[in-house]
Every structure is written in structure tokens, then in C-alpha cells.
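Here are the chains, one letter per residue:
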Amino acid sequence: MAGWIDRLSGRQPQSKDQAKERLKLVLINDRTDLTTSQLEQMKNELLVVIARYVDIDPDTVRIMMETDGREQRLTAEIPLKPIRHRR
Amino acid sequence: MAARIITVTSGKGGVGKTTTTANLAVALAMANQKVVCLDADIGLRNLDVVLGLENRIVYDVVDVVEGRCRVRQAMIRDKRLPELYLIPAAQTRDKSAVSPSDMIRLCEELSSEVDFILIDSPAGIERGFKNALAAADTVLVVTNPEVSAVRDADRIIGLVEAEEKGPAKLILNRMNFGMVKRGDMLAPEDILDLLAIELIGIVPEDEHVLISTNRGMPVALDPTSRAGIAFHNISRRLQGETVPFMDMDEKSSFFSKLGKLFGPGGN
Ligand SMILES: Nc1ncnc2c1ncn2[C@@H]1O[C@H](COP(=O)(O)OP(=O)(O)O)[C@@H](O)[C@H]1O
Ligand SMILES: [Mg+2]
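Residues numbered from 1 in each chain as written. Chains lettered and ligands numbered in written order. Predicted model: local features only at pLDDT ≥ 70, side-chain atom pairs only at ≥ 80, totals over all residues. Heavy atoms only, no water.

### Regarding the site of ligand 1
All names here are of chain B. Near ligand 1 you find 13 residues, and of these Gly14, Lys17, Thr18, Thr19 and Asn173 are the closest. Between ligand 1 and the protein, one listed contact pairs a nitrogen atom with a backbone N or O atom of Pro204 at 3.0 Å. Interatomic distance of 3.0 Å between a backbone N/O atom of Asp206 and a nitrogen atom of ligand 1. Isolated, ligand 1 exposes 570 Å² of accessible area, and the fraction of that covered by the protein chains is 79%. At the level of elements, helix H1 (17–30), strand S7 (169–175) and strand S8 (198–204) are the ones that each hand at least two residues to the shell around ligand 1. (Near = heavy atom within 4 Å. Polar contact = N/O pair within 3.5 Å; in protein donor to acceptor, adjacent residues only side chain to side chain. Areas by Shrake-Rupley, 256 points an atom, 1.4 Å probe, with all protein chains shown as cover. Helix = DSSP H or I, 4+ residues; strand = E, 2+ residues; numbered from the N terminus.)

Put into C-alpha cells, the structure is as follows:
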């Protein structure tokens, strides 16, 4: 009974929302056959490769695993720094 | 005319495949369809007891594929209904006694005699799953509103696609709308969001399922029970009718509106 008071006051997320969030990640892992840490590692390696060719600020790069229906898609937003020292 | 061949499967065991197969068979037969249900759970037969036909078994599906009897002889007629038959699984053999091509041949033979062939699957993704899927033209995936069952359903939906039997349709079994309203159970739309497949039925958690299974009288024989109505609705959708999801409507009840007004992060 304390449960709904907590929820009204926003203290604890609903358990079904937690279930959904956890399932979202698990299904990405299952569908891609990649663990969360492998995914992180891939992102980091991608960053290194990209930085070898273009000037980027790692903090602005967003590499995301997106779900479209039953398909997973890797998308990246990589703002390039303006070229300064040309000559 | 060729029969519709419908396989009922799941990732996780115990989610209600056998219950669903038995009750859809009963509901279809009550709608004057000729139905044969086939237990493909070799070694762990159960469709016979859920239908209440366990005392009438003489031959089983392995006897048919190994040529010890004709298909007709293995078809047990359910006397409560005009045209419902069961071909039971073998209890003392293992899954390797039947191959996918045996299943296809058997269903081809049955196809001209009935309107619907319903196949109950074993749990898991091995040989038994392939057997159950081999002849299917429609695959129904059963799941429960619970993390491990939904996860395993996603696996199976992918495998059904890989076997070129997709897209599968989803049956959500054992929904407890009281818990959904309290935010303690994944709602149908949450699960559909995650699995991204078409829904064909929502079956509520209903103690009549157990009571009727105790008696060997599938709950669909009583079309006033909540679960019974749900199975009849699925049967009507399988026959091409558009039937609103009754349980979805319940969600717009007073309490859920209240929940939406006050609850954080409703849907
Ligand atoms: N909608 C329901 N409400 C209540 N109990 C259910 C419901 N569906 C299935 N059950 C129960 O769940 C158990 C497992 O069902 P079963 O059909 O044997 O699953 P499976 O064939 O997938 O292993 C059985 O005891 C059955 O009575
Ligand atoms: Mg079963």
C-alpha cells in the first residue's frame, strides 16, 4: 500500500516501466548478439577511427543503437570541428 | 479446400501453449469448423489431458509416421463437438521419432479433410520446434506479461522469421489488468512496442482455466468465462472477423483514467 504513495510522490518508478526499460536493452543485446560492454567498446573504437580522419570533439559525438520495428540500426551524429589551421 | 495450418509456439515453457491450442480448437469447432489438433510435444504429451480425451488414446502421431496405423485411426473424435479431433503425441518416444518432413506429409494428408489444423509445440528451439513449424502457414506466439517470457518470445519471433514462417502473431496470455492499472504489469501496448508484431489476442488470467483443466473441459466450452470469451475472440479473428480487443477497452475505465490524471509517466 505504501507503493502508490511513493509513486504519487514520484519516489519510485512503476515496476512495469522498469521492466520495459530493462527489456529494451536486453532485446537489443539479444538481437545484435552484442553485450552492453561490447557495444560501448565498439563506440569507443569507432571514435578513434573517425578521429584519425576528421577533427571531432568526442563529447559531441552520439552513436546510438536505434530500434525500428524488429530491426536494429546503428546511427551516428558526428559534428565536425571547423577546419582552422589550413595552409 | 486446403486447411489452415496454425502452429502455437513460445520461447519460454509454461506460458499457455497447450491451453491455447486446446481452447482455440474448441472455439473453432463450436463455430462449426472442422478442426484437428496435433500434439507435437513428443515425449511430454499434454493436449490429451487438457482436452479431456486421455482415456480414448489408441494410436499416436509416431504410430502414424511409422506406418502402424492410418491417420484416421489416430484421430480421436471429441464427442462434445461436431467436428473436433485430436492426434496425440507419443509419450514414450523422443522428438527424433518425427521429422519436419513427416509433419509436412501428415498435414498434407489431413489438409483436404478439415478446415483447421492446430499444432501444439514443445518448449524450446530444437528439433521439436522445427517439427511444429514445418507445416505451418500461420504461427501464433504465446507469451506472458513478464520479462523472461517477453524476452524469449522475441527470440522465437526472430527464429520464426528466419524459418520464413513469419510474421508471427502474438497472444498475450495471463494478463492481470488490475496489476496493469497499478503499474505493476507490462501493459499490452508496452509488449507490442518491444516485440513489434501483430497482436491477435489477449487472454486474462482466469482461475476458470485451471478449474476447467481439472475437469478436462476446456474453458472455451463455457463461453461466458473471461478466458473463454478471449479464446472465442481469437478464433473469430482467425476466421477473418474483426473483433475489438475487449480487454483493451477495460483500460479506459474510471480507474485507469484516474491513474492517468495522477500517475507519473502513464502511457
Ligand atoms: N489464462 C490463464 N489463466 C490462468 N491460468 C492459466 C492461463 N493460461 C494457462 N494457465 C495455466 O498455466 C499452466 C501452463 O499452461 P500450459 O498451457 O500447459 O503451458 P505450455 O503448454 O506453454 O507449457 C497450466 O497450469 C494452465 O492451467
Ligand atoms: Mg504444453
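### Comments concerning the pairing of strand S2 (residues 35–39) of chain B
Residues and elements named next belong to chain B. Judged by how many residues are buried, S2 sits mostly within the fold: five of five residues are covered. Covered by surrounding structure in S2 are Val35, Cys37 and Asp39 together with Val36 and Leu38, the residues of both alternating faces. Relative to strand S5 (residues 116–120), S2 runs parallel, the two sharing five bridges. Bridged to Asp39 within S5 is Asp120. (Buried < 20%, exposed > 50% of the residue type's maximum accessible area, 1.4 Å probe, protein only. Pairing = 2+ DSSP bridges.)

### Some points on the pattern of salt bridges
In this structure the tally under the stated criterion is 23 salt bridges over all chains. With a shortest N-O distance of 3.3 Å, Asp190 of chain B and Lys20 of chain A are connected by a salt bridge. Residue Asp190 of chain B is found in helix H9 (residues 188–195), and its partner Lys20 of chain A is found in helix H2 (residues 15–32); the two belong to separate chains. As far as burial versus exposure is concerned, Asp190 of chain B and Lys20 of chain A are alike and both buried. The closest approach of N and O atoms between Asp154 of chain B and Arg70 of chain A, which form a salt bridge, is 2.9 Å. Within this pair, whereas Asp154 of chain B is found in helix H7 (residues 147–162), its partner Arg70 of chain A is found in the loop between strand S1 (62–68) and strand S2 (71–77), the two belonging to separate chains. A single salt-bridge network, built from bridges that share partners, covers Lys16 and Lys20 of chain A together with Asp190 and Asp193 of chain B. (Salt bridge = Lys/Arg side-chain N within 4 Å of Asp/Glu carboxyl O.)

### Regarding the interface of chain B and chain A
Listed as interface residues are 23 residues of chain B and, on the opposing side, 16 residues of chain A. For the pairing of chain B and chain A, the buried interface totals around 1800 Å² over both sides, and the portion due to carbon and sulfur atoms is 53%. Its largest share of buried area at the contact with chain A, chain B owes to Arg151, Asp154 and Leu194 of chain B, together 29% of the area lost on that side. At the junction of chain B with chain A, the criterion picks out seven salt bridges. Linking chain B with chain A are 12 residue pairs in polar contact (both at pLDDT 80 or more), by the criterion used here. Those elements that place two or more of their residues in the side of chain B that touches chain A are H7 and H9 of chain B. (Contact = heavy atoms within 4.5 Å. Buried area = accessible area lost by both parts, 1.4 Å probe.)

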